[in-house]
Amino acid sequence: MRFLLDAEQRAFAGSLHAMLTAADTPAVIRDWSRGDHARGRALWSRIAGAGVFALAVPEEYGGLGPRPVELAVAFTELGRHAVPGPLAETVGAAVLLGEPPLAERFLPALAAGTDLATVAAPGGYAVDGDAAALCLTAAPDGLYLSAPAPGPVHRSLDPARRLTRPAPAGELLTPAAPYERALLWIRLATAAQALGLGLALLDRTVAHVRRRTQFGAAIGSFQAVKHRLADAKTALEFARPLLFGAAASLGPAQVAAAKLTACEAAYRTARTALHLHGAIGYTAEYDLSLWLTKARVLRSAWGTPEECRDLVLAEGL
């Protein structure tokens, strides 16, 4: 089965790509990693203005959705440019808060990009809790709105992924939130980010091996290098239809398969990119590192490879 984007979806992806290319996202990422959110918030507003977060919000609350296929298109571009911030978490929050009266209270600001939101499991970390207006904690007895706990911001392998612990007490929003449905949307957004990330890493690596020479020839002409890149390309292209198939169905096993395949493909491409760039790929000053570290983190975010495999096997796919 082939999943082809229509003209409107391709134009949407193209407009996001052009906007993010002009935004100098490496500089935004580095500011964000230092706790300077000014440029990141400005970019977030432009992304929201393009309708990205509205895709997870019903029309009656200021949104355009729910439209999971278009969301996957958008998040592929966000991943391609390694946009920082609690992107998938904001989508998950929109699903968690999707029933009235919570929807009237919170969703218009999420769709408009006025508020950033993050989600944490009990006792776990919240991604970018220091920047989020809404910090949701999914507890066994309900969904809580918490403030970030006082204390240091913890760094992740991805420097732009700042971790905080939510305060233990908070406002009980609802005793019955749609956790499983929210997790599907978060995993779908994460898978799309990973696919875009892998595609960007592949493009950057192809450009690098065409420029770098050894023994009087571009290293991209060597058969071993071609094989590594072909393997990465194959893995990414195999992940693409799984992603859009999962967006069309929103089945738990299909989304888990898409998340597993896209994240593994991105991680494999990251390893190939690091190998072919050599020592420069390890340096934090080189922009490639911003994509490499994110590929490693997304691989385990919101479902490790083992958890996703177990879910796929349990459903008999």
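Let's talk about the nonpolar core
Within the largest apolar cluster, 96 residues are counted, with the highest numbers of intra-cluster contacts made by Ile 47, Val 52, Phe 75, Leu 97 and Leu 136. Tallying contributions element by element places helix 7 (residues 179-211) first for this core, with 16 residues. In this view, Val 52 contacts Phe 12, Leu 16, Ile 47, Leu 71, Ala 74, Phe 75 and Leu 78; residues no more than four positions away in its chain are not counted. By size, the runner-up hydrophobic cluster in this structure holds five residues, among which are Ala 256, Ala 257, Leu 260 and Val 312.

Description of the pattern of salt bridges
Scanning all chains against the criterion turns up 14 salt bridges. Glu 171 is paired through a salt bridge with Arg 105; the nearest N and O atoms lie 2.9 Å apart. Within this pair, whereas Glu 171 is found in strand 7 (residues 171-174), its partner Arg 105 is found in helix 6 (residues 102-112), the two being separated by 66 residues in sequence. Given a relative accessible area of 46%, Arg 105 falls into the partly exposed group. For Glu 264, the salt bridge is made with Arg 299, and the minimal N-O distance between the two is 2.5 Å. Taken together, the residues Glu 264 in helix 9 (residues 252-277) and Arg 299 in helix 10 (residues 288-300) connect sequence positions 35 residues apart.

Considerations on the sheet that holds strand 7
As summarised here, the arrangement of the four strands in space is 1-3-4-7, forming an open sheet in which the pairing is mixed. Two strands bound the open sheet, and with one partner strand each, they are strand 1 (117-120) and strand 7. Put simply, the sheet's adjacent strands are angled 30 degrees from each other on average, direction ignored. As paired strands, strand 3 (residues 134-139) and strand 4 (residues 142-146) are joined by five bridges and run antiparallel to one another. Looking at the pairing, Ala 139 lines up with Gly 142 of strand 4. The strands touched by helix 5 (residues 87-96) are strand 1, strand 3 and strand 4; relative to strand 1, the strand with the most contacts, the crossing angle is about 80 degrees.

Details of the state of the cysteines
All told, the structure shown has zero disulfides when counted by the stated rule. No disulfide involves Cys 263; its sulfur sits 7.4 Å from that of Cys 308, the nearest cysteine. On the basis of relative accessibility, which here comes to 1%, the residue Cys 263 falls in the buried class.

Focus: the side chain of Thr 25
By the secondary structure assignment, Thr 25 is in helix 2 (residues 25-33). Not counting chain neighbours up to four residues away, the residues in contact with Thr 25 comprise Leu 20, Leu 43, His 81, Val 83 and Trp 291.

Quick notes on the side chain of Arg 187
When you line up the elements, Arg 187 lands in helix 7. One buried charged residue, Arg 187, remains without a salt bridge, the closest side chain of opposite sign being Glu 307 at 4.7 Å. Once residues within four sequence positions are removed from consideration, Arg 187 is found in contact with Val 255, Lys 259, Trp 302, Gly 303 and Leu 311.

Some words on the packing of aromatic side chains
What the rule picks out here adds up to one aromatic pair. Residues Trp 44 and Phe 53 carry aromatic rings whose centres are separated by 4.6 Å and whose planes lie at 20 degrees to one another, so their mutual orientation is stacked. For the residue pair Trp 44 and Phe 53, the accessibility class agrees, reading buried in each case. Lying across the ring of Tyr 125, Arg 165 places its NZ or CZ 4.0 Å from the centre. Note that Arg 204 overlies the ring of Trp 291, its terminal NZ or CZ placed 4.1 Å from the centroid.

A word on the pairing of strand 1
Of the two faces of strand 1, the one lined by Ala 117 and Val 119 and the one lined by Thr 118 and Ala 120 are each fully buried. The pairing of strand 1 with strand 3 spans four bridges and is classified as parallel. Pairing of Ala 117 across the sheet is with Leu 134, part of strand 3.

Thoughts on the confidence of the model for the chain
The pLDDT averaged across the chain works out to 94; a share of 98% of its residues lies at or above 70. Model confidence for the chain, summarised as mean pLDDT per element, is weakest for strand 5 (residues 154-155) at 88 and strongest for helix 4 (residues 68-80) at 98.

Focus: the sheet that holds strand 5
Spatial ordering of the open sheet is given by 2-6-5, a layout of three strands whose pairing is antiparallel. In this open sheet, the two strands that pair with only one neighbour each are strand 2 (126-127) and strand 5. With two bridges joining them, strand 2 and strand 6 (residues 162-164) adopt antiparallel strand pairing. By the bridge assignment for strand 6, Ala 126 is matched with Thr 164.

Cut-offs applied
- Residues numbered from 1 in each chain as written.
- Predicted model: local features only at pLDDT ≥ 70, side-chain atom pairs only at ≥ 80, totals over all residues.
- Heavy atoms only, no water.
- Core = buried A, V, L, I, M, F, W, Y, C linked by side-chain atoms within 4.5 Å.
- Buried < 20%, exposed > 50% of the residue type's maximum accessible area, 1.4 Å probe, protein only.
- Helix = DSSP H or I, 4+ residues; strand = E, 2+ residues; numbered from the N terminus.
- Contact = heavy atoms within 4.5 Å.
- Salt bridge = Lys/Arg side-chain N within 4 Å of Asp/Glu carboxyl O.
- Pairing = 2+ DSSP bridges.
- Axes fitted to C-alpha atoms, helices over the stretch in contact; angles between N-to-C directions.
- Disulfide = S-S within 2.5 Å.
- Lys, Arg positive; Asp, Glu negative; His and termini not counted.
- Phe/Tyr/Trp six-rings, centres within 6.5 Å; stacked < 30°, edge-to-face > 60°.
- Lys NZ or Arg CZ within 6 Å of the ring centre and 35° of its normal.
- pLDDT = per-residue confidence, 0-100.

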